[in-house]
Every structure is written in structure tokens, then in C-alpha cells.
Amino acid sequence: MTEVQDSKPHILVVDDDRLVLATLVNGLTDAGFNVTETDNGEDAIALASEVDPDIALLDMRMNGLSGMDVARHLKAHTRVPFMFLSAFGDPEIVSEATALGALGYLVKPLEIKQIVPAIRAALGRAADRPAGASVPAQALPSHAGDLELAAGLVAQRHGIAPVAARAHRGACRRDRRAGRAARGAFGGGGPAARFDRPLTEAVRCVVRLMAGVARCGTAATRRVDARSGRSPCGARVPLFLLQFSSALPITRMRRPPCGGALEPSKEIPMPQQSRANDECVLLVDDDPVARALTAAVLGAQHLRVVEVESGKAALDCFETVRPDCVVLDAVMPGLDGFDTCLALRRLPHGRHVPVLMLTGLDDERSIEHAYEAGATDFFVKSQQWMLLAHRVRYLLRSARLHTELERSRSRLAKAQALARLGSWDWNLRTEKLQASREVFRMLGLPERDGYIEPSRFLARLHSDDLVPMRGMIERICATRQPQQVELRLLREDGGIVHVQCEGEVDAEEDDAVVRISGTCLDITQRKEAEQRVRALAEFDALTGLPNRRLFNMRIAESIARQGPGGHVALLFMDLDRFKNVNDTQGHTGGDALLVEVAHRLVEVLRQHDADHRADHLVARLGGDEFVVLLQGEAGAAMAEQVGAEILESLRQPFVIHGVENFVTGCMGLARYPEDGKTAESLLRCADAAMYAVKGAGGDALRAFSPELIAERVRRWEIENDLHKALERNELMLHYQPQIDVRSGLVVSAEALMRWNRRGEPISPAQFIPVAQDSGLIIPMGEWAIRETAMQIRRWRDAGLGQMRVAVNVPSMHFQRADLCRTVREACHEADIRPDLIELEITESMLMQDMSRTVDALIELTELGVKLACDDFGTGYSSLAYLRRFPLDALKIDRSFVHDLRNGSDAEAIIEAIIAMARTLHLKVIAEGVETAEQAGLLYRVGCHVMQGFLFGRPQPAEEFAALLARQQRDGGLPEWAQLPRTAVPSLPRLPRSKALQ
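Residues numbered from 1 in each chain as written. Predicted model: local features only at pLDDT ≥ 70, side-chain atom pairs only at ≥ 80, totals over all residues. Heavy atoms only, no water.

Right, let's get into the overall build of the protein. Along the backbone of the protein there are 38 helices and 34 strands. Looking at the protein residue by residue over its 997 residues, the buried ones come to 49%. Taking the contacts inside the protein whose residues are at least 6 apart along the sequence as the reference set, 67% of them involve residues at least 24 apart. For the protein, the exposed surface amounts to about 48000 Å²; the carbon and sulfur share of it is 52%. (Helix = DSSP H or I, 4+ residues; strand = E, 2+ residues; numbered from the N terminus. Buried < 20%, exposed > 50% of the residue type's maximum accessible area, 1.4 Å probe, protein only. Contact = heavy atoms within 4.5 Å. Areas by Shrake-Rupley, 256 points an atom, 1.4 Å probe, with all protein chains shown as cover.)

Next comes the structure, spelled out in C-alpha cells:
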């Protein structure tokens, strides 16, 4: 700020634009005003109170406090009138200024000769108007002002007047004629290229000193003799140096509260730069003066400037410096700016660097030449230094944006590559198809300028996908809505790329679609994954055959395709003794056998359908179950032959791990439409026929018949009703007496289970096998043990004695570890001795798991339970095994008793069994005795305890109790005691040869 005390009208000028401020101060001083200047609103408020000016000329827009803020303070706290100076002439702004009380509103730029009359008129209005009144503001036209100011003003503004004057006088003293020529050039505004050496050195000295002082922040403002236009040292500099100095930062001054000299305050902030102090400008100019001035201006904008004097030097240092921008003089000796620019563009890092071409030539040809050489922009040399700085900052900002755009494009390309997503743009009018790099990768084509011929793209499509592609384009044009379609692209290497293509309208003209853009997503991996999932879902992982899911779909399709008059045959096969392979060869051996079975099935079927016309099918339903689907009348007719050949192929040995294995198959046959009209019913009929074969011994083929389904339905109904038989109390025990024929007494009984199904008795031969297959035999056996124990107690409580009762134990129940616990709890609940319970165990069951069986028998024996071997003689036990079992009795199987005749083999076998039992101290019981002759022969060979219809059928507990009561009353049953003796007289035993005759 500068304060001038005089009797002339005193004006406070406030503007943050240094060039405008200097112009106003010098112009108003020449017009006869005393001027106090400042470049900020804070100092303006302080100076208004201190110097009490006649009027204040305020810039509307300033950093910090604006002119409006200063005006409000002046209006509220002082009597200082004010005017506004602004680059904006909007009516709203003018109205706002008038409402605030401004005496005038001047629109920049203005000539001094226009400003002076306006100020004088405002001063007159200020003297005449009442307090608080305002005068309408006027917007004055702009015109170039006084262009030449003193060089001392430049030096004085930056506190370097003495040094600059000395440098200037020293340069001129060495060559006064050159100095006079240079001063003439300054006065005429000629270009810097005409400066002679002495004055050029002075100018460079001033420039460097100004830049240095500005950076050090030690500049100070002083009083200027504006009338002479000279500084105290007498130096004079043209306006372009003043304009140049305005591009440098100045130091704000503040006055201490106690008065005195002005002191440096904080530096006026320059415009914010996004990359301050790290952006580099390569300045190429052969003129040292112009290069120095340009470097100082750019350096003041916080740019790092690297100066070189020739195009060759610029090329040599370019890769090392890596500048963010190149400022290049067009006219230079040797390699000029145009050739230098061309060479820069060929360097690895010079393709996208912005190049600003400086030229003193403003003809159109030079401008075109600059652009052809690769220049980003051009700038005609002038005295507008701030314009040059702004132009460089604009190029740097554009370069940053371009760099960010390229990075974004690179990131997008990488993202598209990772996502396997490409983009395309199809101009329907020009028939040009632009595609991204990823699309070219999908097509397997080299990328050429990003364009591909539409015909070449369509040639890459799978022939079946041409119609869907054209259909998508037509739908887009018709509906103006996004559409998508899945396509297959054929690569040159023979591969197929699955893509999901989506497009939408991008541009229209005259209600017609001219451009369609879209994306292509590579879904090959997804399709392959879907194929793998489909294979897992529809094919057997072990054999590769269709699984149950795919088979169900295929048989349904086959029936639908054949129609009511068609024919379909279904072979359902299950392997016999496959479990033996798993048990001996392990599951890997079992899997290998299943694979070989699948191979043999396919081979048999291929022999009957070598050309694959009939579309027959072999599938694996699971485990060791396979099905063969034969379609058409011919297929149904050859079903028996195909089945027989399959069974024959299975009879051949399977070599697994070097070991021969033999398995056979059970096969059922069902036909459409005779046996079933749906896939489910046909499969059920074939399954029923197969299980009928398995029940008959296996290794055979059987066609379905209706009675097979009836038998399966009957078994299914029995199983369902058995689940609730215990809840409904439909199960009961009947007791068959065991007679000692020597005394005629009932010594024991056997409990036999009966089922009264909804009032209808069901034979044990019907429900016992079903109970064993379904596992219901376990709870039924536990119930039989508990019920037997309770019945023994009832007879005891009725005074009929303690009768031992035998209970049949199923094999699976015997293998369970809780059998002993079940018996113990039953005896405890009934309060009976465990030795009154006799468990009958079949001979085959004893041999299943020798170690576990022996442990269980020992545990039961220690409890006191009696053990009997049921159906003895039908299994494969031996004396060595029998010695290990803690048995109490042997029951001779009814098959031997049935064939018993005098001198028969059965008699000899029974005699041998009795002899063996006596040796082992075991009791012998013969079951199934139905005739007196059988009883007599048994008695003769030494069997005294018998059981059968001859002595009594199984009877309810009440009837058996009556039998016990009669025996107790009569002291025995003498008719049974005499029966064996009278049935077989004492005749000599016939030899076996006579008996066979």
C-alpha cells in the first residue's frame, strides 16, 4: 500500500490485481489526485480510518474481504463515500451496489481519461447528497490505457530500485549508443529480440532480482513519482516488464497499530495448483532474454523450469528430464521448433506430452504447420505474460486429464480382461464395427485400429447363431429396448467361445437407429461349468452311463415319442452276490467290476444297434442296478434276446486285481404299453419281475405278469400294517406243549407268534419274512420276550407251576449287544427266574459271527437263561463248533421227523444226533411229530421229549393253562405216555436196505 498526503483530493484505491492497481495509481496521480493504494480489504478498512480519504475506489471481487464487505464497513463506521470497480456489469450486481450506497460503478477495463471524470463527478455528488443517499452507477466502455510506465515503478514495487538502477546504468555506460537504441525499442514496444547486449544484461538482472526478492518475500512498496514516471534512481522500464512483474507474487504490507513504517505481511496466495512444485516444464528458446522472462513467469507459477537453448539439446535431455510440458520456440537456428516437435513425438515418452509452440508468426500457415508437427497448442509472442502462464497451466491440466483418462482406459481394459467383458459399437449407416481389445481376443483376431468388418464378425458366428444375432438387432431397432442373446464364436484355432451379447440403441437420426452399442461377455467358463454340473447331475460318475435322473427323462420322452401305438421295452437288472465282491475285493474292486459290467452291457447293445439309429439306452440307477431301454417295435421284439445275451456275458469271469470273480444277474422285463403306460409304472413292473427272479435264485430273465405286482402290493400292505400291529395289540403268543413221553407230562412249551390283522389271522409264513426284511422283527422279538416272561408269572400266580417257555430269537436281534439286557429286564419286571426262559437260536445264526456269538451265549448263560439250537441238522455246524457253544438242548429239525420210517436214513441221522447230544450232555427235543409211528421210532432211538401236532397244536394262553390244570389234577397225561410204546411194537429194527425197498 502507498499513502500520499497533499491538499489535492485524496483517493483510496483498493484492487488485488497488481497491474490494474499500478495503472490506476499512476493514472490518478498524473490527473492530480493524492492516492493511497492497497491490494486487500483488511488494509483498506484500516487505511480508511487512518487517512480519511475523500472517496474510496473499491474492486468488487477480491481475495479475503471483498469490495462489498469493505463498503459495508465504510458505510457503517465512517463517512467515506465509495465507488465500485468490477469486471462484471450484470444488472443484479449494479443494483446491489446502488442499494449499498455506491456513488458509481465502473466496469473494467477503462481508460484513465474516463475514470477521472467519473471520480470528479462522484466527489461532487458526495458533497451535495444527503447522508446515506446513493447515485446510480454507470458502466464505462473499455479502452487500452497508458501502456508505458516507469521502470523505477517495477523496481520500487519489489524493493530493488537501487540495485536495478546500478545494473542499468552500468550496462548503459559500457555502450551508451546501444543503450539509447534499446531505450528507443522499449519506448516503441518492440520485441525483446531487438535488445542489445548491455541493456539485455540489465533486464536479466532486474528479472532475476525480482524473482529472487519475490521468493524471499522481502519486497516493499514505496512512493512513486508518477508524473515523471521515474524511480529515485532514474531508471525507466516499459509496460511489458510491469505486466511481467504482475505474474510474480508480491508481499502484502501491514501498518503497525502505533503507526510507523509499513512492514511485510504474509504473501498473497497464488491460485491453487493441483500439483505444486512437482510439474516440470522444458523451455526451449534460443533467445536468452525471452527465455529468462518466460522462465521467471513459469517459475512464479510454482513450476519447475528446465531451460535449453536449442532443439538438439531438448531432444538430448528429454528422456532424462521427462517434462510434463514443453514450451518450444518455433524459429530457432539449426533444428527449428517444428522439426524438434516431430522428433519429440517419436520418442518413447513424447507421444502424449503437451507441446506449446511459441511463435512471433501469426499467419495461418505457421499455425497449421505447428499442428501438423504435433504441437498441442500455439502462442503468439506478446507482452501478455499472465496469458502465457494460464495457457501453460491449461495444457498441464489437460495433460493430467489425458493421463488420468489413459489410466482409466488401461484400468478398464484390465478390468474387462479380468471380467472377460468386451465392448462394441456398430454404426449401421457406415457399416463400421468398433470393438475393444477383449472382443478381438474372443474372436482370435489381431487388433487393428479397433475396427473389424461386420461381415468378418458374422463369419465367426456359429451357423446356428446367425438368425438369433440378426433377431437381436431387429428387436433393438424395433423396440428401442436393450436386448441380449447367447452366441458361439468360432476361433481360427478351432475352439468355440460362448458369449453373452447385449446391445442397445446409442444414436438415432430422423427416427432411425444409426448406431448400436453393447457388450460381449465371455461365458465359456460358465458354459463349461454348466456342462460339468449337468454331467454330474445326469451321468453316473463311476461308469459314465446316464443316471436315474437322465434315464427318467429319456424314458418319458421315448414313451411320448412312440405314442399309443408305439413300443418300448425295459430290462431291469440287478447283480447277484455283488456284496461278496465288495467284502473280498474292497469297494475299489466292486467299483472296477461295475465299470466292467457297464462296458459289457454297452457292447451287447452296440451289436444290435451298430449305426445308433434306434437310440437305445443303457443307464445305471445306482448300486448294482442297471436298466436297458429298447425303443421301437424292433427293440421290443428283441428284448428277450438282448437280455439273454447280457446274462450270458455276465457269466464270464471278471478279473479284478488279478483275481477272477463270478457274478450273475437277475433281470426283469416290462413292455409299453402292455405292462405300463407311464415311465414310473413301466419301471415298477420291470423291478417286480426282477425281484421275482432274485427270490427264485437269480441268474435268469422273467417277463412281468400281473400277479407279481399283486404279491408286491400284498407285502407292502403287510409291512405297513405291521408298523402299527403292536400299538393295536394285534400280536399274540400261542404256546405249543413239549411232552416227555416217558411220564406223559408237559415239561415245557414253545411260544409262537400270531397276528390277528384287523380280525383276520395272518400266517407267520407271510408276515415273519416281511418283518425280517423291514427290521420290524427286532421290536416284535423284544415284545415276545417280555410277554413270555409275564405269561410265566401269570401261570405261576394261578398255581399252575413254573413252566419253562422257549422263545425264538431272530438272527439280527441276537447280534445286537442289548439282547442280554432285554432278557434281564423282562425277567426283573415279571419277577421270574431267568432259567425259565429258553432262547432258541438257529444253527446258521450260530455260525455267522463266531466270536460275538460265543460272547453273547456266555453272557446269557451266566444270567441263567437256557439256550437251545433250533433246526439242528440243516446247517453246517460240527462237533468242534458245538463244543464252543454253551448250549443246553438240541432241537431236531422237522424235516428229519417228517421222513422218519423204520430203517430209513432219517432214523439213522436222528440216532446219530441223539448220540452226539448225549456225549455233549445236551437235552434232545424232536419237533414236528405228527404221527404215532414217528413218536414210537423217536422213542426207540432214545428221544423222549417231543413237540408236534400229535400232542397239541399251538394254542392261546388260556387253553394252555387249562391243559396244565388238567395235568395237575390228573397227575399227568397217561395217554401220551403209552402212545409211543403202543405205536411201535417191539420188533427187530429193519436194516437200511430193507427200509429202502
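This part takes up the pairing of strand β14 (residues 432-435). Burial along β14 is one-sided: the residues L433 and A435 are buried and none of K432 and Q434 is. Bridge count for strand β13 (residues 421-427) against β14 is four bridges, and the pairing is antiparallel. Looking at β14, one finds that W424 is bridged to A435. Counted along the chain from β13 to the antiparallel partner β14, the turn is four residues long, and its residue E431 has a positive phi close to 55°. Bridge analysis of β14 against strand β15 (residues 451-452) gives two bridges, and the strand direction is antiparallel. Residue pairing in the sheet places L433 in a bridge with I452 of β15. (Pairing = 2+ DSSP bridges.)

By definition, a disulfide links the sulfur atoms of two cysteines through a covalent bond. Taken as a whole and assessed by the stated rule, the structure comprises zero disulfides. Residue C520 stays outside any disulfide, its sulfur separated by 3.9 Å from that of C501, the closest cysteine. We note that C827 lacks a disulfide partner, and the nearest cysteine sulfur, in C820, lies 9.6 Å from it. (Disulfide = S-S within 2.5 Å.)

Here the focus is the nonpolar core. Residues L722, Y735, W795, L839, F885, L887 and L938 are the most contacted members of the largest nonpolar core, which totals 83 residues. Broken down by element, this core gets its largest block of residues, nine residues, from helix α27 (residues 777-797). Setting aside anything within four residues of it in sequence, one finds W795 in contact with Y735, L800, G801, M803, V805, A957, F960, A961 and L964. With 30 residues, the next largest nonpolar core counts L545, F578, A636 and I656 among its residues. (Core = buried A, V, L, I, M, F, W, Y, C linked by side-chain atoms within 4.5 Å.)

Following the criterion strictly, the structure yields 48 salt bridges and no others. The residue R515 makes a salt bridge to D506 at a minimum N-O spacing of 2.8 Å. With a relative accessible area of 27%, R515 lands in the partly exposed category. Among the ionic pairs, E603 bridges to R606, the shortest N-O distance being 2.5 Å. One end of the pair, E603, and the other, R606, are both in helix α21 (residues 578-608), three residues apart, so they sit about a helical turn from each other. In this structure, a network of salt bridges that share partners links the residues E486, R526, K527 and E530. (Salt bridge = Lys/Arg side-chain N within 4 Å of Asp/Glu carboxyl O.)

Following Y672, the chain continues to P673 via a peptide bond in cis, the omega torsion being 5°. Here the phi dihedral of N729 falls at roughly 55°; this positive angle occurs in a residue that is not glycine. Residue placement: N729 occurs in the loop between α25 (706-722) and β26 (731-740).

This part covers the sheet that holds strand β21 (residues 625-631). The strand order β20-β21-β19-β24-β25 describes an open sheet built from five strands, whose pairing is mixed. Single-partner strands in this sheet number two, and they are β20 (617-622) and β25 (700-703). Ignoring strand direction, the axes of neighbouring strands in this sheet form an average angle of 20°. As judged from the seven bridges shared by strand β19 (residues 568-576) and β21, these two strands associate in the antiparallel manner. Note on β21: the bridge partner recorded for L570 is L629. (Axes fitted to C-alpha atoms, helices over the stretch in contact; angles between N-to-C directions.)

This brings us to the environment of L593. For L593, the location among the structural elements is in helix α21. Taking the C-alpha atoms as reference points, L593 and F578, separated by 15 residues in sequence, lie 9.0 Å from one another.

Taken in spatial order, the six strands line up as β15-β14-β13-β18-β17-β16 in an open sheet, and their pairing is antiparallel. Only two strands of the sheet have a single partner each, and these edge strands are β15 and β16 (483-490). Sheet topology places β13 next to strand β18 (residues 512-522); seven bridges connect them, and they run antiparallel. Along β18, the bridge assignment pairs G422 with C520. Across the sheet, helix α19 (residues 524-538) touches β16, β17 (496-509) and β18, and the angle it forms with β17 is around 135°.

The first and last C-alpha atoms of helix α36 (residues 957-970) sit 20 Å apart over 14 residues, in line with the 20 Å expected at 1.5 Å per residue. Within α36, burial applies to A957, F960, A961, L963, L964 and Q967. Mapping the buried residues of α36 onto a view down its axis gives an arc of 155°, with all of them on the same face. Opposite the buried face of α36, at more than 90 degrees from it, the exposed residues are E958 and R969. Positioned one or two residues after α36, G971 has a phi angle of 80°, which is positive. (Expected span 1.5 Å × (residues − 1). Arc of directions from axis to C-beta.)

Here the focus is α25. End to end, α25 covers 25 Å across 17 residues, agreeing with the expected 24 Å (1.5 Å per residue, within 8%). Those residues of α25 that fall on the buried side of the exposure criterion are L708, I718, D721 and L722. Each buried residue of α25 lies within a common arc of 160° when the element is viewed along its axis, so the set occupies one face. Exposed residues on α25 whose side chains face more than 90 degrees from its buried face are P706 and W716. Check the buried side of α25 and you find it contacts α24 (679-695), β25, β27 (745-757), α26 (764-774) and α27.

With respect to the secondary-structure elements, Q641 resides in helix α23 (residues 639-650). Considering only alpha carbons, one finds Q641 and H608, 33 residues apart in sequence, at a separation of 10.0 Å.

Given two aromatic rings, one states the distance between the centres and the angle between the planes to describe the pair. Scanning the entire structure with this criterion turns up six aromatic pairs. Seen in terms of ring centroids, Y371 and F378 are 6.0 Å apart; in terms of plane orientation they differ by 85°. Their pairing is edge-to-face. Overall, Y371 belongs to the partly exposed group, its relative accessible area being 40%. With a centroid separation of 5.7 Å and an interplanar angle of 80°, the aromatic rings of W755 and F767 are classed as edge-to-face. (Phe/Tyr/Trp six-rings, centres within 6.5 Å; stacked < 30°, edge-to-face > 60°.)

Okay, the side chain of R620 next. For R620, the position within the fold is in strand β20. Here the side chain of R620 touches D540 through a polar contact of 3.0 Å, side chain to side chain. Of note is the side chain of R620, whose polar atom sits 2.9 Å from the backbone oxygen of G623. (Polar contact = N/O pair within 3.5 Å; in protein donor to acceptor, adjacent residues only side chain to side chain.)

Below, the discussion takes up the pairing of β18. Here ten bridges tie β17 to β18, and the two strands are oriented antiparallel to one another. Directly across from E504, in β18, lies its bridge partner S517. Here β17 folds back onto β18, and the loop between the two strands holds two residues, one of which, D510, carries a positive phi near 55°.

The next thing to look at is the confidence of the model for the protein. Counting all residues, the mean pLDDT for the protein is 78, and 79% of those residues have values of 70 or more. Least confident of the elements in the protein is strand β6 (residues 251-254), whose mean pLDDT is 36; most confident is strand β29 (residues 804-808), at 94. Low pLDDT, under 50, characterises residues 132-276; the predicted model gives this stretch 247 contacts beyond four residues in sequence or across chains. Under a pLDDT of 50 for its full length, residues 992-997 has, in the predicted model, five contacts with residues more than four places off or in other chains. (pLDDT = per-residue confidence, 0-100.)

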